Amino acid sequence: MAHPFRFGIQTGQLGDPAAVRELAKKVEDLGYAELFSSDHINGGGLSNVDPFLPLLVAAEATTTLRFGPLVLNNEFYNPALLARTAASFDLLSDGRLVLGMGTGYAQDEHDSIDVPLRAPGDRVTRFGESIAALRTLLDHGSSNQTGEHITLAVDGLGVRPAQEQVPILIGGHGRRVVSIAARMADIFQFTGLSHDRETGKPAAAGFARRDVAERHAWLLRDAGERADRLELSTLVQQTRLGHGAEEVRQEAA
């Protein structure tokens, strides 16, 4: 299946409602398909505003633009409560949610709110269990599962999203995260962000073409018959045009 190119914007300037409406209208008028927020605590990233609420304001000011967090830190959330929020947002935005999910990585953010950051292996295991729960809850409104980290007995979520299937975007780099995305995501985003196996400390070590190609091969292999339905996404960290662009390109290479 051929997927057309789509472009989105991620920004942290989402704290003023009038500015949010103006930004959303401009992004839509320029032809972008999506506007994304981020999910950080204690100054840890683009913004500290709630990842969903400003986007609901933006949705009211637009008609076609899609919205979502890029990406939620899975360690911050109970999947059933998150599914309720996601379904509510999708319903109230007329079916325009793209649910971005990631494993989480920032130790200082977790320390600041006294939420333990699991070791990388346990974190990814819980991530897979959460994605499975979210998929079932959003698609069917119920989930009964028992896992290593998540146990649910939700017979009725109580709210249904407007979309028949809310698209789940998974951003990641590690082998197991790629496999989870291949089996359960609608969109996989190559982030280029890798993590130390022992400490989980992030590093921008995955942007080399060979690394992207390796992960693409993993994705296709694990997706099997789903491969044609998967969208591929990349998070562009820098763009340079005009004077000095060649020097920046050489430095990046």
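The structure reproduced in this document is the subject of the present report. Quantities reported herein were computed from a predicted structural model and do not represent experimental measurements.

Our focus in this paragraph is the sheet that holds strand β4 (residues 72–73). Spatially, five strands are ordered β4-β5-β8-β9-β12 in an open sheet, and the strand pairing comes out parallel. Among the strands making up the open sheet, the edge pair consists of β4 and β12 (231–234). By the bridge criterion, two bridges tie β4 to strand β5 (residues 99–102) in an arrangement that is parallel. Following the sheet pairing, Asn 73 is matched in β5 by Gly 102. Of the strands in this sheet, β5 and β8 (168–172) touch helix α5 (residues 120–140), which is tilted by about 160 degrees from β5.

Let us now look at the pattern of salt bridges. For the coordinates displayed, the defined rule picks out nine salt bridges. The closest approach of N and O atoms between Asp 186 and Arg 135, which form a salt bridge, is 3.0 Å. Remark: Arg 135 occurs in helix α5 and Asp 186 occurs in the loop between α6 (175–184) and β9 (187–190); sequence separation between them is 51 residues. The same class applies to Asp 186 and to Arg 135, which are both buried. Arg 215 is the partner of Glu 214 in a salt bridge, and the nearest nitrogen-oxygen pair spans 3.0 Å. By relative accessible area, which is 10% here, Arg 215 ends up buried. Linked by salt bridges that have partners in common, Arg 6, Glu 34 and Glu 231 make up one network.

What follows concerns the nonpolar core. Ranked by size, the top nonpolar core spans 51 residues in total, and within it Leu 99, Met 101, Ile 131 and Ile 170 carry the most contacts. Element by element, the count of residues in this core is highest for α5, at seven residues. Residues within four places of Ile 131 in sequence aside, it is in contact with Met 101, Ile 168, Ile 170, Ile 180 and Met 184.

For the rest of this paragraph, the subject is unusual backbone geometry. A cis amide bond, omega -10 degrees, links Leu 70 with the succeeding residue Val 71. Secondary-structure assignment places Val 71 in the loop between β3 (66–69) and β4. Here the phi dihedral of Asp 94 falls at roughly 60 degrees; this positive angle occurs in a residue that is not glycine. As for its position among the elements, Asp 94 is in the loop between α3 (79–92) and β5. You can call Asp 94 exposed: its relative accessible area is 64%.

Turning to the packing of helix α1 (residues 17–29) against helix α2 (residues 53–60), a few remarks are in order. Put simply, α1 and α2 touch, their axes get as near as 8 Å, and they point 55 degrees apart. On the basis of the axis angle, α1 is oblique to α2. In this structure, α1 meets α2 at a crossing whose hand is right-handed. Listed contacts from α2 to Pro 17, Val 20, Arg 21 and Ala 24 of α1 are Pro 54, Val 57 and Ala 58. For the contact of α1 with α2, a count of residues per class yields six nonpolar, no polar and one charged.

Conventions we followed
Residues numbered from 1 in each chain as written. Predicted model: local features only at pLDDT ≥ 70, side-chain atom pairs only at ≥ 80, totals over all residues. Heavy atoms only, no water. Pairing = 2+ DSSP bridges. Helix = DSSP H or I, 4+ residues; strand = E, 2+ residues; numbered from the N terminus. Contact = heavy atoms within 4.5 Å. Axes fitted to C-alpha atoms, helices over the stretch in contact; angles between N-to-C directions. Salt bridge = Lys/Arg side-chain N within 4 Å of Asp/Glu carboxyl O. Buried < 20%, exposed > 50% of the residue type's maximum accessible area, 1.4 Å probe, protein only. Core = buried A, V, L, I, M, F, W, Y, C linked by side-chain atoms within 4.5 Å. Parallel < 35°, antiparallel > 145°, perpendicular 65-115°, else oblique. Left-handed = near helix turned anticlockwise from the far one by under 90°. Nonpolar A, V, L, I, M, F, W, Y, C, P; charged D, E, K, R; others polar.

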